[in-house]
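Descriptive analysis of the structure
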Amino acid sequence: MIQVMLLLTAFVAVSLSFWILDHTWIAGVVVLVLFLRLLATKNVQLISSVLVVCVIFSIRFYTWQQNARQVMQVTPYVTQKQHLLIYSDEIKINGELLTFKAWWWEKRQWVNGYYRIRTLAEKKTLLQLNKTKIWDVAGKVLPLQAPTNEAQFDWRRFYQGKNIFLTFAVKHYTLQKVPLGQMAWRGRLHDLRQALRSTLKVLPRPLDWYSATLLLGIRLADADKTLADITRLGLLYLFSLSGLHVFYVVKTLRHLLKLLRLPKWLEILAVLGVLPVYAILGGASASLVRAVWMCGIKLATGLIKGVHLKPATIWAIVLLLELWCYPALFYQLGAQLSYLLTLVIVTSKTSLNWLFNLKLNAFSAPLVLYYTYQWNFLTFLITGWMNLIFEYIILPVTFIGAVIPFLQNLAAHILQLISNGLTLLARSPSNFVLGRPPLIMVLFWLGVLLWLQGSSKKLRWSALLGMSYFLTFLLLRYPLSSEVVYFDIGQGDCTLIRERFSRRVILIDTGGKVHFAMPNWKKYPTKTSGETIVANYLLSKGITQIDQLYLTHQDADHVGNFPSLSQLIKIKQIIVPAGMEDLPSFKRRLAKSAVAPKAVKGVTDKVRLSDPHLKLLHPFTRGQGTNADSLVLWLDFYGLKCIFTGDLDRKGELAVIKKYPNLTAAVLKTGHHGSKTATDPKFVRQLAPKVALISAGQHNRYGHPNKETLVTLQNAKVPYYVTARVGMIKFTEMLGHFSFWNLKDN
């Protein structure tokens, strides 16, 4: 009965965490279903025990949430003379940017932080830091920011799962020694981890990052490409420190201790002492902590006569312990997969390897699809083989290569061959984009899989599972609704137009960042907003191809993202203002993209577009792709008239309404991000828009939107929305009905 009680309590507690912290109605429904199942047992002792524990957890979640809200509601403020305890291995330097996780001594809480390095000499000094220090700092305290676009990665939720709610932007600092105290021993362990990282960094590639990843849980920046291939194949769980690694550590340690002929109880105590040390050296990720706790409890209870806990019972205990410490733990995909797959492993009764691997893939697929929107069919075929290769080749070769100097080159060569093989597999046409399934479908799929474990009608339930996947695919890839999406792309422009059933997918501009000249030591690689915002949204909707990409003019904040976007989303045709296709700057971008030069077309308003709902109003003549040459597009979106003007200036706007005196538009995308150089009052009066949308970045250096533009809109009684304030904006049409949506109000 204890196992049933703990498992039910664990399931209810996880559901309660989502319901209380997120107010998700689906989580509330799950809680209700679980309680009904609990009541159906008619076991008073079981019911009362589960209810008591769940009430205690509910209080914990509620108080944690109130504290989190109070902390995050802080308005940004400047603070002086504060002290941050920063472990040496928590410091990351990439170009001019130093990032860290720190313990804020005065506020007694963990924070994320960053500092922009001023000189090359300072960078060299910081790179040599190998000891835990207390930093005496001054800077700005900021709440963690929520995503401003649908399907954008939610860093705020991710860090909430680690009980982190604030960011500290350091402006000035001095370093101090760590005083001896309760955190001194942890500091020494973190310093040891940093020393090991420095040692492994000089190993030949790819042994350096294999050893850093598999032994210390550190992902080096130059391993992103290989890790991306591993992720695409659905094998990232192998390279995340977790149960398999803990198993090897414990097995190896116990074998060495047996050679010393120690009593079993002393041997177990020694292992129990090493496990928390290994957790810190391994980076203390949720999956590693879970594995260490489970192994520790199993070993500890083995010392108590007559006590034998089943693996599922230990799993539930560890889940409740970790959830108590980190109420938002399951905001992270890593934690969700770690606990789910571990439960499948400890409760599986099949002895067939292929069936066991199939079961693991089936349970992980719903979560992977929900967070990454795609699945690789090779994962089903290679999981079993990769488990063996990982267990008998990758792990031993990595460990041996890391500790035996004269075998380093051989180990690196073997690992390079494996990496090359993974790259070939990842590039095969086996990756399938489904899109983000509705959360209710994810829960349905997991529920059916759980039901299948004890059902005698497996064929019928399996058919239902397959049919639901197929219907979800149809609804995601061929939706019944159409949409116009205005991305919050920062200081730039990007708009998506998608017709129902995905008959036509059009993108107007891609956004991009204006790069200023800087020395090489300041530069650092980072993903573009085209990858993290635009591509993420497109893939979440099952979109893998853009029919036409309209680039309104040559400025980087309108076209800079298209090379990186084209590596993830196929672009059939690019349309630019005539003359821009011959510019050297555009040709350089085109060469970096996956788009063939023949797919680029320069146009003027004399060209008739292939889409009957879209009309090209400007430019009138061939130009150089400047603001004055911007494409002006007019869209009839099922009766809703929309206009897009790029960065066209007032002179150009007046020329457009002079040539098209009957032009009107219900939705005005203001030119040049709300600059006073655009949005002429005469232009606004003729269009008579019902609403104006302004795409501008938060705290941008140009002061957009300009007060003069806002006054123009106010005088014309046109309500306006700025993406910097409300985030992504959408118009959706379905069966002749329109809905307006922005992220702030939803």
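Quick summary incoming for the structure in this document. Small disclaimer: the values here were computed from a predicted structure and weren't measured. (Residues numbered from 1 in each chain as written. Predicted model: local features only at pLDDT ≥ 70, side-chain atom pairs only at ≥ 80, totals over all residues. Heavy atoms only, no water.)

Some details on the overall build of the chain
Rule in force here: Helix and strand assignments follow DSSP, with helices taken as H or I runs no shorter than four residues and strands as E runs no shorter than two, numbered in order from the N terminus. We compute the radius of gyration from the C-alpha atoms alone; for a globule the expected value is 2.2 Å times N to the 0.38, where N is the number of residues. Any residue under 20% of the maximum accessible area for its type is buried, any over 50% is exposed, and the rest in between are partly exposed; the area is computed with a 1.4 Å probe on protein chains only. We call two residues contacting when some pair of their heavy atoms lies within 4.5 Å. Calculation of accessible area relied on Shrake-Rupley with a 1.4 Å probe; when residues are assessed, cover is drawn exclusively from the protein chains displayed.
Counting secondary structure elements, the chain contains 26 helices and 24 strands. For 746 residues, the compact-globule estimate of 2.2 N^0.38 gives 27 Å, and the chain sits close to it at 29 Å. If you line up the chain on its principal axes, its C-alpha atoms span 95 × 65 × 50 Å. Taken across its 746 residues, the chain has 51% of its residues classed as buried. The contacts in the chain between residues at least 6 apart in sequence include a share of 70% that link residues at least 24 apart. Of the roughly 36300 Å² of accessible surface on the chain, 63% is carried by carbon and sulfur atoms.

Description of the nonpolar core
Applied cut-off: Think of a nonpolar core as a cluster: buried Ala, Val, Leu, Ile, Met, Phe, Trp, Tyr and Cys residues, connected wherever their side-chain atoms sit within 4.5 Å.
In terms of nonpolar packing, the biggest core is built from 62 residues, with Leu84, Trp315, Leu319 and Leu323 touching the most fellow members. The element that contributes the greatest number of residues to this core is helix H1 (residues 2-22), accounting for 11 residues. Formed by 36 residues, the second largest nonpolar core is a distinct cluster that contains Val505, Ala535, Val559 and Leu583.

Points about empty space enclosed by the protein
A water-sized probe, rolled over the atoms, reveals where empty space remains. Just so we agree on the cut-off: A 1.4 Å probe that fits but cannot get out identifies a cavity on a 1 Å grid over protein atoms alone, an open set with protein on both sides within 12 Å along at least five of seven lines counts as a pocket, and a residue lines either if it has an atom within 4 Å of a point. Grid points are joined across faces, edges and corners, and a volume is the space filled by probe spheres set on the points. Side-chain classes follow a simple rule in which Ala, Val, Leu, Ile, Met, Phe, Trp, Tyr, Cys and Pro form the nonpolar group, Asp, Glu, Lys and Arg form the charged group, and the remainder, Gly included, forms the polar group.
With the rule as written, the count across this model stands at 2 cavities of 30 Å³ or more. In this structure, the largest cavity occupies an estimated 80 Å³ of space. The element that contributes the greatest number of residues to the lining of the largest cavity is strand E18 (residues 632-637), accounting for 3 residues. Here the residues of the lining of the largest cavity sort into 5 nonpolar, 1 polar and 4 charged. When its volume is computed, the second largest cavity comes out at roughly 50 Å³. If you trace the second largest cavity, you find it lined by Asp493, Cys494, Thr495, Ile508, Asp509, Phe644, Thr645, Gly646 and Lys669. By residue class, the composition of the lining of the second largest cavity is 3 nonpolar, 3 polar and 3 charged.

What to know about the environment of Leu369
The topology assignment puts Leu369 in helix H14 (residues 353-372). With 73 residues separating them along the chain, Leu369 and Val442 place their C-alpha atoms 8.7 Å apart. Dropping the residues within four chain positions of it, Leu369 is found in contact with Gln374, Trp375, Leu434, Gly435, Arg436, Pro437 and Tyr469.

Thoughts on the layout of surface pockets
Within this model, the second largest pocket holds a volume of roughly 700 Å³. What lines the second largest pocket is a set of 22 residues, among which Leu215, Val249, Thr252, Tyr278 and Phe399 lie closest to the centre. Among the elements that line the lining of the second largest pocket, the one with the most residues is helix H15 (residues 378-403), at 7 residues. For the lining of the second largest pocket, the class distribution of residues is 19 nonpolar, 2 polar and 1 charged.

Here we look at the pattern of salt bridges
Using the following cut-off: Here, a salt bridge means any side-chain nitrogen of Lys or Arg that lies within 4 Å of a carboxyl oxygen of Asp or Glu.
For the coordinates displayed, the defined rule picks out 20 salt bridges. Between Lys541 and Glu150 there is a salt bridge, with the nearest N and O atoms lying 3.0 Å from each other. Residue Lys541 is found in the loop between helix H19 (529-540) and strand E12 (545-546), and its partner Glu150 is found in the loop between strand E5 (133-143) and helix H5 (155-160); the two are separated by 391 residues along the sequence. On the accessibility criterion, Glu150 (23% relative accessible area) is partly exposed. Glu581 is the partner of Arg622 in a salt bridge, and the nearest nitrogen-oxygen pair spans 3.5 Å.

Considering the packing of aromatic side chains
Definition in use: Any pair of Phe, Tyr and Trp rings, taking the six-membered ring for Trp, is counted once the centres come within 6.5 Å. Such a pair is stacked with planes under 30 degrees apart, edge-to-face with planes over 60 apart, and tilted for the rest. Criterion for a charge above a ring: Arg CZ or Lys NZ at most 6 Å from the ring centre, at most 35 degrees from the ring normal.
Under the defined criterion, the tally for this structure stands at 34 aromatic pairs. With 6.1 Å between their ring centres and 50° between their planes, Phe18 and Tyr331 make a pair best called tilted. Taken together, the positions of Phe18 in helix H1 and Tyr331 in the loop between helix H12 (311-325) and helix H13 (333-347) put the pair 313 residues apart, joining distant regions of the chain. Geometrically, the ring pair formed by Tyr486 and Phe644 is stacked, given 6.0 Å between the ring centres and 25° between the ring planes. Placement of the pair is Tyr486 in strand E9 (residues 482-486) and Phe644 in strand E19 (residues 640-644), with a sequence separation of 158 residues. Each member of the pair, Tyr486 as well as Phe644, carries the same accessibility label: buried. One aromatic cluster is present, built from ring pairs that chain together Tyr486, Phe644, Tyr721, Phe731 and Phe740. The residue whose ring lies beneath Lys101 is Trp110, and the NZ or CZ to ring-centre distance is 4.7 Å.

Comments concerning the state of the cysteines
Structurally, a disulfide amounts to a covalent bond that connects the sulfur atoms of two cysteines. Quick reminder of the rule: Defined by distance alone, a disulfide is two cysteine sulfur atoms within 2.5 Å.
As enumerated under the stated definition, the model contains 0 disulfides in all. Note on Cys295: no disulfide assigned, nearest cysteine sulfur contributed by Cys325 at a separation of 19 Å.

A look at the pairing of strand E3 (residues 97-104)
The criterion, for reference: Strands are labelled as partners when DSSP assigns at least two bridges between them.
Counting buried positions along E3 yields 6 of 8 residues, so the element is predominantly enclosed. By the bridge criterion, 2 bridges tie strand E1 (residues 77-86) to E3 in an arrangement that is antiparallel. Opposite Leu84, over in E3, you have Trp104 as the bridge partner. Where strand E2 (residues 92-94) lies against E3, 3 bridges are found, and the strand directions are antiparallel. Directly across from Ile93, in E3, lies its bridge partner Leu98. Bridge analysis of E3 against strand E4 (residues 109-116) gives 8 bridges, and the strand direction is antiparallel. Looking at the pairing, Leu97 lines up with Arg116 of E4.

Some words on the side chain of Thr712
Mapping Thr712 onto the fold places it in helix H25 (residues 707-715). Those residues within four positions of Thr712 in sequence are excluded, and the remaining contacts are Thr679, Pro681 and Val684.

Here's the deal with the sheet that holds strand E21 (residues 691-694)
Sheets are built from strands paired through backbone hydrogen bonds, the pairs being either parallel or antiparallel. To be explicit about the condition: With axes taken as lines fitted to C-alpha atoms, and helix axes fitted only over the stretch in contact, angles between N-to-C directions fall between 0 and 180 degrees.
What the 6 strands build is an open sheet, ordered E17-E18-E19-E20-E21-E22; its pairing is mixed. Each edge of the sheet is formed by a strand with only one pairing partner; in this case those strands are strand E17 (614-618) and strand E22 (720-722). Each strand of the sheet is rotated relative to its neighbour by a mean of 20°, with strand direction disregarded. As paired strands, E18 and E19 are joined by 5 bridges and run antiparallel to one another. Across the sheet, residue Trp634 finds its bridge partner in E19, namely Ile643.

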